[in-house]
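The residues making up each chain are set out below.
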Amino acid sequence: MTPGGTRYGVALVGCGAFGAFVLDAIRDIPALRIVACADADRQRAQVLADRYGAAVHTSVEDLTAAADVDVIVLATPPAAHADAAVTALRAGKHVFCEKPMALTVEDAARVEAESRTSRGVFLVDHVLRYNPVLRLLQRLVQEQLLDPLRRFAFENDASDEDLGPDHWFWDPLRSGGIHVEHGVHFFDAANALMGSDPIQVQGTEVRRADGPVDIVVATAVHPGGAVATHTHSFTHAHRAERQLMRLDYGFAEARVTGWIPTYATITAWTDEPGAARWEALPARAGELLAVDGLRPHGQERVTVSVTRNAGPSEPARGRGVARSVPHRVECVIDLGGEDRKQHVYAESVRAAMTDLLHCAEHGGTPQADATAGLTAVAVARAATRSAQSGRTITLTAPVAAGTR
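Residues numbered from 1 in each chain as written. Predicted model: local features only at pLDDT ≥ 70, side-chain atom pairs only at ≥ 80, totals over all residues. Heavy atoms only, no water.

Would you mind going over the layout of surface pockets with me for this structure?
A water-sized probe, rolled over the atoms, reveals where empty space remains. Roughly 1,200 Å³ of volume is contained in the largest pocket. Forming the walls of the largest pocket are 41 residues, and the residues nearest its centre are Phe-18, Lys-99, Trp-168, Glu-181 and Tyr-345. Broken down by secondary-structure element, the contributors of at least two residues to the lining of the largest pocket are α1 (17–26), β7 (151–159) and α12 (341–362). The greatest single-element share of the lining of the largest pocket, amounting to four residues, is contributed by α1. Space inside the second largest pocket adds up to approximately 330 Å³. Residue lining of the second largest pocket: 19 residues in total, with Pro-172, Gly-176, Gly-177, Thr-384 and Gln-388 positioned closest to the centre. (1 Å grid on protein atoms, 1.4 Å probe; cavity = no way out; pocket = protein on both sides within 12 Å on 5 of 7 lines; lining within 4 Å. Points joined across faces, edges and corners; volume = space filled by probe spheres on them. Helix = DSSP H or I, 4+ residues; strand = E, 2+ residues; numbered from the N terminus.)

I'm lost on the sheet that holds strand β6 (residues 122–124) in this one. Help?
Backbone hydrogen bonds hold the strands of a sheet together, and the pairing may be parallel or antiparallel. Overall, parallel pairing links the six strands, which are arranged β3-β2-β1-β4-β5-β6 in an open sheet. Across the chains shown, the open sheet's two edge strands, defined by having one partner strand only, are β3 (55–57) and β6. Averaged over all pairs of adjacent strands, the angle between their axes in this sheet comes to 25 degrees, without regard to strand direction. Where strand β5 (residues 94–97) and β6 come together, three bridges link them in parallel fashion. When the bridges of β6 are listed, Cys-97 appears paired with Val-124. (Pairing = 2+ DSSP bridges. Axes fitted to C-alpha atoms, helices over the stretch in contact; angles between N-to-C directions.)

Looking at this structure, I do not really get the pattern of salt bridges. What am I missing?
Think of it this way: side chains of opposite charge can pair up when their charged atoms draw near. According to the stated counting rule, one finds 23 salt bridges in the structure shown. Where Arg-51 meets Asp-24, a salt bridge forms, and the shortest distance between an N and an O atom there is 3.6 Å. Here Arg-51 is found in helix α2 (residues 42–52), whereas its partner Asp-24 is found in helix α1, with 27 residues between them in sequence. Under the relative-accessibility criterion, Asp-24 is labelled partly exposed at 32%. (Salt bridge = Lys/Arg side-chain N within 4 Å of Asp/Glu carboxyl O. Buried < 20%, exposed > 50% of the residue type's maximum accessible area, 1.4 Å probe, protein only.)

When you look at the side chain of Asp-188 in this model, what are you seeing that I'm missing?
Among the secondary structure elements, Asp-188 is positioned in helix α9 (residues 184–194). For Asp-188, a relative accessible area of 1% corresponds to the buried category. Excluding residues within four positions of it along the chain, Asp-188 makes contact with His-126, Arg-129, Ala-372 and Ala-376. (Contact = heavy atoms within 4.5 Å.)

Would you mind going over the packing of α9 against helix α13 (residues 370–389) with me for this structure?
Packed helices, taken two at a time, are described by the angle their axes make and the gap between the axes. Where α9 meets α13, the closest approach of the two axes is 9 Å, and the angle between their N-to-C directions is 115 degrees. The hand of the α9/α13 crossing is right-handed. When α9 is examined against α13, the residues Val-184, Phe-187, Asp-188 and Asn-191 are found in contact with a partner set consisting of Ala-372, Thr-375, Ala-376, Val-377, Val-379, Ala-380 and Ala-383. (Left-handed = near helix turned anticlockwise from the far one by under 90°.)

Can you help me understand the environment of Ala-290 in this one?
Its place among the elements puts Ala-290 in the loop between α11 (285–288) and β14 (301–307). Accessibility expressed as a relative area gives 37% for Ala-290, which makes it partly exposed. It is 9.7 Å that separates the C-alpha atoms of Ala-290 and Val-133, two residues lying 157 residues apart in sequence.

So, to be careful, I would describe these as geometric facts and stop short of saying anything about function.
Next up, the structure:
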């Protein structure tokens, strides 16, 4: 139950594997109950409905008329997200929408505009905004242990083993293409970590011989000269999947592994007062890794070691700033590594739903709101257009208004 005592009825649209994953992740949030499942395949909806004691429907339109439905979870293929979200928001329902929010900027803008006038709260499932590793890095910037982020580089070597030639993932009309269907997670993460939206985007794509695009690269320039680079390759076996996020903070570097981050290392240079502050972090691990609605498994840890006088005695310089930073810091953020990926993923979804319910009860804007969803789609579409046209796309501020 929420502090106000409200309980929210949740309905799922799209009863495939991911829809089932979302329901499993959120089912024991006290403030909600699962009341309905809808799918064009009624039998598939019935399987999940039987599991949760829920009613069966066939469309989002049916759910908007159901008095016991307060929150609609959209877990359909991406092409259906925008129309379903607009329909639900117009009916005053809260919406938890799987990414991407839409396939085009025009459709994403429709959803964003509807979210501003609807009684319902809209949240897009950008789970990285609720990840404890990335939240901790943001907190270290806020506490000035890390300087503002200068460069974001993400490399994703993903599997195509479950993506047969007829899978909707390869069809841009149904998925939007890799930048849109998958890249929005990381465009959004870069925007959140940098605290800004891009002003220019350059994209590249590689196509299989007589087949679909399976490798994409995008470089996004942010205000002040910060740069984000995104590479996604869907060409690997499951056993060879790997992801690395490298973050350049000037006097510090963070390396984050996994597309659902569960492990990170930070190497930093600092002075004596800074070293003492770094050494105090392990005792604050619970506070620093806390995300509302995300339940830790109890084995998370933050460790710090400092090697004093490891560097030259003269001041280090970066972008014209001189600082005496003789001490080397090694910090490890460990949520349990790859073995805990599914736990962290599910709990991040749970945290996102908790955010939506909190805003529904008390007002306010979710961390992953419609503006964040629109901006991620706008950057993804700009990267796609750039790759196809061979020219850099300039984005006006705000990004959401300038890329249609």
